[in-house]
Amino acid sequence: MSTTITPIFAVAATSQTEKWVDAFRARAPDLRVEPLESVENPDDVAWIATWETAPGRFAPLKNLRAVFAMGAGVEKFLGRDDLGPDVPIIRLNDAGMAQQMYDYALYAALTVLRNFDQYDRDKANFTWKPRAPRTHQSLRITVLGLGTLGGYVATRLAADGFTVAGWSRSRKDLPGVRWHGALDMLLAETELLVSILPLTDETRGLLHASRLALLPRGAYVVNAGRGDQLDLNALLNLIDSGHLRGAQLDVFPTEPLPATHHAWENPSLRITPHAAAFTLIDEAVEQMLDKLGRIERGETVEGTVDRLRAY
Ligand code: NDP
Ligand code: OXD
């Protein structure tokens with residue numbers, strides 16, 4: 001007599017694994033959901049939801065049908081030798097992150113527009129100095145990456161009345177957003193640069209010293225994509241030389257940013273600890289379960305990572 005094994009949906013989060021498991025079980029009581037550490041037979045694991053998975057962790061999971069990333073950026077899932085090329089990697093699309101990313105970009109836009117960074121510096125010098133107001137339209141913002149997050153951010157900023165341009169691999173037609181394909185030309189007319197790109201071979205080192213120098217004097221830089229896309233030392237040099245006004249960085253080549261790094265001391269650099277847009281568990285679980293259903297029905301699934309383009 002043969003017994004039928006119920007396939008397992010395994011969960012291996014960097015934190016709050018129990019919360020993830022509970023959220024899956026509450027929404028899908030018929031699905032066998034287990035923390036990966038509790039799985040007795042790795043052959044039973046058919047799907048896994050995970051993030052920052054240690055090298056080799058996927059190797060014992062011989063019957064994986066799909067990997068669900070607990071985030072949007074999937075660089076750590078690619079180029080691994082413990083994950084077969086045929087196992088689809090499914091990333092999150094928005095799942096509550098787009099609004100947060102917009103808030104993050106808006107904070108920088110208002111900082112520049114209303115001079116909140118200058119007032120912080122003035123306060124440090126006991127200086128009372130009102131600065132002239134300006135219109136939203138006068139602030140020229142460029143968003144790099146017009147995907148799920150960047151597209152939303154650019155559209156919302158345009159709806160707020162800012163002058164918004166965007167850059168992506170393929171042409172986009174987003175309301176109020178002028179698409180531009182030539183990055184260097186675009187940088188030269190940008191006062192606020194907001195980068196929300198995935199990390200790929202093409203975007204690694206994209207914002208290097210000479211490219212950052214194309215930004216006009218007084219420009220401000222936001223990076224919420226990945227730290228390896230921007231030359232941090234070059235950025236700090238351009239701020240210190242007075243060419244750039246400042247920056248708001250969420251992502252760094254090494255995270256956490258080491259306490260000894262001189263970036264911490266730069267008064268014109270706002271640092272946030274990779275906190276621009278959090279994964280919201282309930283929204284993420286809801287989306288993963290919907291995508292799981294689609295996979296099992298043989299439908300196409302939004303967020304399936306294209307391993308060749310690497311996002
Ligand atoms: P998407 O895949 O939906 O969008 C990526 C965008 O980048 C697309 O518009 C794509 O162009 C564009 N792009 C990719 N490569 C290039 C290139 N070489 N040249 C020009 N444009 C390029 O991703 P999301 O919007 O969901 O997420 C973007 C990134 O944000 C994530 O990969 C992650 O790194 C980061 N992130 C950061 C968070 C944080 O808290 N700091 C939170 C979540 C995500 P096209 O549309 O033509 O394909
Ligand atoms: C993500 C992130 O990619 O949190 O989702 O950085």
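The coordinates are above.
What you see is a predicted model, and the numbers here were worked out from it, not measured in a lab.

Draft legend 1. Up close: the site of ligand 1. The local shell around ligand 1 holds 31 residues, among which Arg91, Ser170, Lys172, Asp250 and Tyr311 are the closest. Separating an oxygen atom of ligand 1 from a backbone N or O atom of Gly147 is a distance of 3.0 Å. Between ligand 1 and Asp250 there is a distance of 2.8 Å, counted from a nitrogen atom to a side-chain nitrogen or oxygen. Out of a free accessible area of 940 Å², ligand 1 has 94% covered by protein chains. Secondary-structure elements contributing two or more residues to the shell around ligand 1 are helix H2 (97-114) and helix H4 (148-159). For the shell around ligand 1, the residue count by class is 14 nonpolar, 10 polar and seven charged.

Draft legend 2. Representation of the sheet that holds strand E5 (residues 89-90) within the structure. In space, the five strands of this open sheet follow the order E2-E1-E3-E4-E5, with parallel pairing throughout. Bordering the open sheet on either side are strand E2 (32-35) and E5, each of which pairs with just one other strand. Of the pairings in the sheet, the one linking strand E1 (residues 8-12) to strand E3 (residues 45-50) comprises five bridges and is parallel in character. Note on E3: the bridge partner recorded for Val11 is Ala49. Packed onto the sheet, helix H1 (residues 17-27) meets E1, E2 and E3 and runs at close to 180° relative to E2. In the packing of helix H8 (residues 281-296) onto the sheet, the strands contacted are E1, E3, strand E4 (66-69) and E5, and the crossing angle to E4 comes to about 160°.

Draft legend 3. Summary view of the nonpolar core. Within the largest apolar cluster, 60 residues are counted, with the highest numbers of intra-cluster contacts made by Phe9, Trp20, Phe24, Phe68 and Ile141. Looking at this core element by element, the count peaks at 11 residues for H2. In contact with Phe68, other than residues within four places in its own chain, are Phe9, Trp47, Ile48, Ala49, Thr50, Ile90, Met288, Lys291, Leu292 and Ile295. Counting residues in hydrophobic clusters, the runner-up holds 28 residues, among them Leu197, Leu215, Ala219 and Leu230.

Definitions and limits used
Residues numbered from 1 in each chain as written. Chains lettered and ligands numbered in written order. Predicted model: local features only at pLDDT ≥ 70, side-chain atom pairs only at ≥ 80, totals over all residues. Heavy atoms only, no water. Near = heavy atom within 4 Å. Polar contact = N/O pair within 3.5 Å; in protein donor to acceptor, adjacent residues only side chain to side chain. Areas by Shrake-Rupley, 256 points an atom, 1.4 Å probe, with all protein chains shown as cover. Helix = DSSP H or I, 4+ residues; strand = E, 2+ residues; numbered from the N terminus. Nonpolar A, V, L, I, M, F, W, Y, C, P; charged D, E, K, R; others polar. Pairing = 2+ DSSP bridges. Contact = heavy atoms within 4.5 Å. Axes fitted to C-alpha atoms, helices over the stretch in contact; angles between N-to-C directions. Core = buried A, V, L, I, M, F, W, Y, C linked by side-chain atoms within 4.5 Å. Buried < 20%, exposed > 50% of the residue type's maximum accessible area, 1.4 Å probe, protein only.

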